[in-house]
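Structural description and commentary
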Amino acid sequence: PTKIAVMTSGGDSAGMNAAVRSVVKMAIFKGCHAYVIREGWEGLVRGNDEDQGSNPTPHEESLDAGPESLAQPRREGKAAKIKFVPTYGEGELLKEGVSEAETVGLKGRYIVRVGWDDVRGWLDAGGTLIGTARCAAFREQAGRLKAAHNLIKHGIDALAVCGGDGSLTGADRLRAEWPELIGMLKDNGDITQAQFERYAHLKIVGLVGSIDNDLAGTDLTIGAATALSRICEAVDSISSTAASHSRAFVVEVMGRHCGWLALMAGVATGADYCFIPEQPPHGSWDDAMCDVLTKHKKAGKRKTIVIVAEGAIDKDLNAIKADDIKKVLEDRLGLDTRVTTLGHTQRGGRPVASDRILATLQGVEAVEALLEAKPETPSYVITIRENQVTRTPLMEAVKQTQLVAHKIETKDFDGALALRDPEFDE
Ligand code: ADP
């Protein structure tokens with residue numbers, strides 16, 4: 001049978017487990033064998049220790065059970081289900097990851113075949129149970145060569161990667177470099193001529209898991225809705241104390257170069273003012289903000305909420321920081337002001353319903369895209385546009401996303417950058 005693997009990589013986001021569950025179940029439903037790759041690209045580069053073989057079997061008998069196992073009594077206990085203990089971080093992976101994994105029988109095993117029951121109960125779990133990591137080795141060709149070798153060694157025919165723009169950039173690089181990599185593996189004698197021919201075309205698909213909602217080509221990423229929801233809950237809590245004490249709060253939210261979380265949180269909570277990277281104020285931001293807030297105060301508003309995206313920039317494209325805003329609110333408006341940086345609570349926890357649904361529908365589409373992949377079709381990232389789950393060429397989505405990030409990083413805004421409303425450039 002075709003072997004389909006799924007992994008999560010980069011920053012975690014709520015709904016990643018639902019995506020993994022969906023890929024695993026759809027793969028099995030389609031008669032394929034399902035694999036997970038633990039700890040993102042790091043796990044793929046490391047592969048499995050030689051003595052572990054390619055098919056760890058702490059739960060062998062549950063692997064061949066398909067959807068029909070639903071009709072049978074649930075098998076409980078270790079024999080039927082692997083307990084995944086995720087680990088995080090780059091340097092810590094060896095220190096912590098392996099020792100934790102050891103306790104669940106996965107020491108030295110990053111590529112693990114899973115069965116229908118292994119992903120039971122994953123829909124509502126936050127973070128990613130199969131772990132994620134940042135992987136320096138995968139940025140080098142030597143690392144990607146190891147990754148390619150491990151895929152072929154385990155006979156993996158197709159790979160679904162759920163991650164943010166970094167992880168998908170990595171996926172796109174692996175795709176572009178694949179012919180060269182397998183050529184090298186053949187020349188080194190690492191793979192046979194038969195393997196070289198069978199795995200000549202890499203079947204890879206991306207699923208966008210990111211709280212930032214920052215990938216070009218999709219309206220929504222897996223985890224963004226949950227993050228937004230958490231931000232709204234936090235701002236709601238802050239609002240009541242702000243109103244009681246007549247205070248101002250500056251709330252800094254995540255999003256890297258993308259202001260989606262900040263802007264949508266502003267709309268959803270009725271914030272007084274919002275700073276986002278996409279639309280730098282055309283003049284002095286403090287004047288503009290003070291004008292609006294003064295009007296709100298005059299209208300009798302007791303509380304003041306200003307939301308600032310972590311990537312917010314001023315007219316000269318320099319960062320606008322929460323503390324700068326606080327200072328203006330205190331010095332110019334005399335407001336008793338506090339700064340709240342929401343930090344990692346935004347990463348989620350339990351996914352909201354819409355993230356579970358998005359991840360599930362996209363996981364199904366990802367498996368279909370992999371099974372339909374032909375050498376002449378591009379590799380896709382699964383997207384959603386105008387409420388339709390669809391496929392977008394991976395290369396295109398990555399290119400567009402990087403173009404925007406690069407322009408912001410190098411301050412290379414010109415009239416052509418769609419991010420900035422040309423009216424404000426006058
Ligand atoms: P995210 O996927 O959340 O954007 P990162 O940007 O940290 O997170 O990327 C995750 C991983 O993807 C990196 O640790 C690295 O292994 C891989 N990666 C990112 N960018 C590249 C690149 N340009 N080439 C190869 N691999 C990359």
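Everything in this summary refers to the structure shown in the same document. (Residues numbered from 1 in each chain as written. Predicted model: local features only at pLDDT ≥ 70, side-chain atom pairs only at ≥ 80, totals over all residues.)

A large share of strand S10 (residues 380-385) lies buried, amounting to five of its six residues. Relative to S10, strand S5 (residues 203-208) runs parallel, the two sharing three bridges. Bridge pairing in S10 links valine 205 to tyrosine 380. Inspection of the sheet shows S10 paired to strand S11 (residues 388-393) by six bridges, in the antiparallel sense. Of the residues in S11, the one forming a bridge with isoleucine 384 is valine 389. Between the end of S10 and the start of S11, which pair antiparallel, lie two residues, with glutamate 386 showing a positive phi angle near 45°. (Buried ≥ 20, exposed ≤ 12 C-beta atoms within 10 Å, placed from the backbone. Helix = DSSP H or I, 4+ residues; strand = E, 2+ residues; numbered from the N terminus. Pairing = 2+ DSSP bridges.)

Once that is clear, we can look at the sheet that holds strand S7 (residues 273-275). Strand order in this open sheet of four strands is S7-S8-S6-S9, and the pairing throughout is parallel. Each edge of the sheet is formed by a strand with only one pairing partner; in this case those strands are S7 and strand S9 (337-341). The mean angle between the axes of side-by-side strands here comes to 15°, regardless of whether they run parallel or antiparallel. Across three bridges, the pairing between S7 and strand S8 (residues 304-309) is parallel. Note that in S8 the partner of tyrosine 273 across the bridge is valine 306. The strands touched by helix H11 (residues 322-333) within the sheet are strand S6 (248-253), S8 and S9, with S9 carrying the most contacts at an inclination of about 165°. (Axes fitted to C-alpha atoms, helices over the stretch in contact; angles between N-to-C directions. Contact = placed C-beta atoms within 7 Å.)

Quick look at the site of the ligand now. Around the ligand sit 17 residues in total, of which Gly10, Gly164, Gly166, Ser167 and Gly170 are the nearest. Among the elements that make up the shell around the ligand, the one with the highest residue count is helix H6 (residues 165-187) (six residues). Classifying every residue of the shell around the ligand gives three nonpolar, 10 polar and four charged. (Near = placed C-beta within 6 Å. Nonpolar A, V, L, I, M, F, W, Y, C, P; charged D, E, K, R; others polar.)

So, on to the nonpolar core. Counting 73 residues, the largest nonpolar core has Ile4, Ala5, Val20, Val23, Tyr35, Val36 and Ala160 as the members making the most contacts within it. Per-element accounting of this core gives the leading share, nine residues, to helix H1 (residues 16-29). In contact with valine 20, not counting residues within four places along its chain, are Val6, Thr8, Val36, Val119, Trp122, Ile130 and Cys162. Counting 43 residues, the second-largest nonpolar core is a separate cluster that includes Val235, Leu263, Ala322 and Val328. (Core = buried A, V, L, I, M, F, W, Y, C linked by C-beta atoms within 7 Å.)

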